[in-house]
Amino acid sequence: VEDDIVYSAGAAKECVKIYNEYVTNLILLVHLGSGMPARATEISSYRIANGQSELRNIFVIGRQVSIEARYSKMRARTCTNNSVWRFLDAEASSVIIYDLLLVRPLVIHLTSFLKLDTSAEYSTDLFVTDGKSVKPCALRNIFARLFSEYSGGSSLSFSDYRQIAKYFGRKLGISKVA
């Protein structure tokens, strides 16, 4: 019992499990719906709040979500990043906004009730499953699994999709396809 609300540990765990699956689909939605496909290292750096080593890079302007992806292939040499702005469409923006305002606070509350020490990740990183920030390798695996699942078994990796999108972007004359 907490604040006159009776919680079931089993139901709370099930809610968190459902949220984890929801986040994997959210990853796919943001990856496919934010313009030119981002690198997994970019996506794993999406922050909803300032963290210890990264600044927030997700913004809501009106009802549209924008993401300032910070990435550079030369980061190790130059110690600097480039900013690439990505803008989600209305539907994807709504999903993110509802997640941040309604769903995620409930998940944080439930993980606290379950005494899982994960609120920091849920409070700072956009993509969190099982209480941990999703790393680039896991992002690639999630994308490949979901693409296979949704396409009836076809095999397409994260990198394959990015290369195909780059090819068509160049063919269509879209400049600055990275």
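Higher on the page you've got the structure.
Residues numbered from 1 in each chain as written. Predicted model: local features only at pLDDT ≥ 70, side-chain atom pairs only at ≥ 80, totals over all residues. Heavy atoms only, no water.

## Digging into helix H1 (residues 9-33)
Moving on, step 1. If you check H1, its first and last C-alpha atoms are 35 Å apart, about what 25 residues at 1.5 Å a residue would give, namely 36 Å.
Moving on, step 2. Those residues of H1 not exposed but buried are Ala12, Val16, Tyr19, Asn20, Val23, Thr24, Leu26, Ile27, Leu28, Val30 and His31.
Moving on, step 3. One or two residues past the end of H1 sits Gly35, with phi positive at roughly 85°. (Helix = DSSP H or I, 4+ residues; strand = E, 2+ residues; numbered from the N terminus. Expected span 1.5 Å × (residues − 1). Buried < 20%, exposed > 50% of the residue type's maximum accessible area, 1.4 Å probe, protein only.)

## A closer look at the side chain of Arg104
Moving on, step 1. One can find Arg104 in helix H4 (residues 90-113).
Moving on, step 2. Look at Arg104 and you get buried, because its relative accessible area is 3%.
Moving on, step 3. For Arg104, the side chain forms a polar contact with the main-chain oxygen of Asp125, separated by 2.7 Å.
Moving on, step 4. Other than its neighbours up to four places away in sequence, Arg104 contacts Tyr19, Ile48, Asp99, Tyr122, Asp125, Leu126 and Val128. (Polar contact = N/O pair within 3.5 Å; in protein donor to acceptor, adjacent residues only side chain to side chain. Contact = heavy atoms within 4.5 Å.)

## Quick look at H4
Moving on, step 1. Between its first and last C-alpha atoms H4 spans 33 Å; for 24 residues at 1.5 Å apiece the expected length is 34 Å, and the two agree.
Moving on, step 2. Along its length, H4 reaches its greatest deviation from straightness, about 45°, at Asp99.
Moving on, step 3. Near the N-terminus of H4, the side chain that reaches the backbone nitrogen of Glu91, with its oxygen 3.3 Å away, is that of Asp89.
Moving on, step 4. Positive phi appears at Lys115, one or two residues downstream of H4, with a value of about 60°. (Bend = angle between axes of the 7 residues up to and from the residue.)

## Topic: the sheet that holds strand E2 (residues 64-71)
By definition, the strands of a sheet pair up through backbone hydrogen bonds, in either a parallel or an antiparallel sense.
Moving on, step 1. Taken in spatial order, the three strands make up an open sheet running E1-E2-E3, and their pairing is antiparallel. Among the strands making up the open sheet, the edge pair consists of strand E1 (58-61) and strand E3 (82-87). Neighbour to neighbour, the strand axes of the sheet diverge by 25° on average, direction disregarded. (Pairing = 2+ DSSP bridges. Axes fitted to C-alpha atoms, helices over the stretch in contact; angles between N-to-C directions.)

## Quick word on the environment of Glu91
Moving on, step 1. Within the fold, Glu91 resides in helix H4.
Moving on, step 2. With a relative accessible area of 56%, Glu91 lands in the exposed category.

## Concerning the pattern of salt bridges
Moving on, step 1. Taken as a whole, this structure holds six salt bridges when the rule is applied.
Moving on, step 2. Residue Glu42 pairs with Arg39 through a salt bridge whose shortest N-O separation is 3.6 Å.
Moving on, step 3. Owing to a relative accessible area of 2%, Glu42 belongs among the buried residues under this scheme.
Moving on, step 4. For Arg39, a relative accessible area of 16% translates into the label buried.
Moving on, step 5. A salt bridge links Glu42 to Arg86, with the shortest nitrogen-to-oxygen separation between them at 3.2 Å. Here Glu42 is found in helix H2 (residues 40-43), whereas its partner Arg86 is found in strand E3, with 44 residues between them in sequence. Of the two residues, Glu42 and Arg86, neither departs from the other in class, the shared state being buried.
Moving on, step 6. Shared partners join several salt bridges into a network, and the residues in it are Glu21, Arg145 and Glu149. (Salt bridge = Lys/Arg side-chain N within 4 Å of Asp/Glu carboxyl O.)

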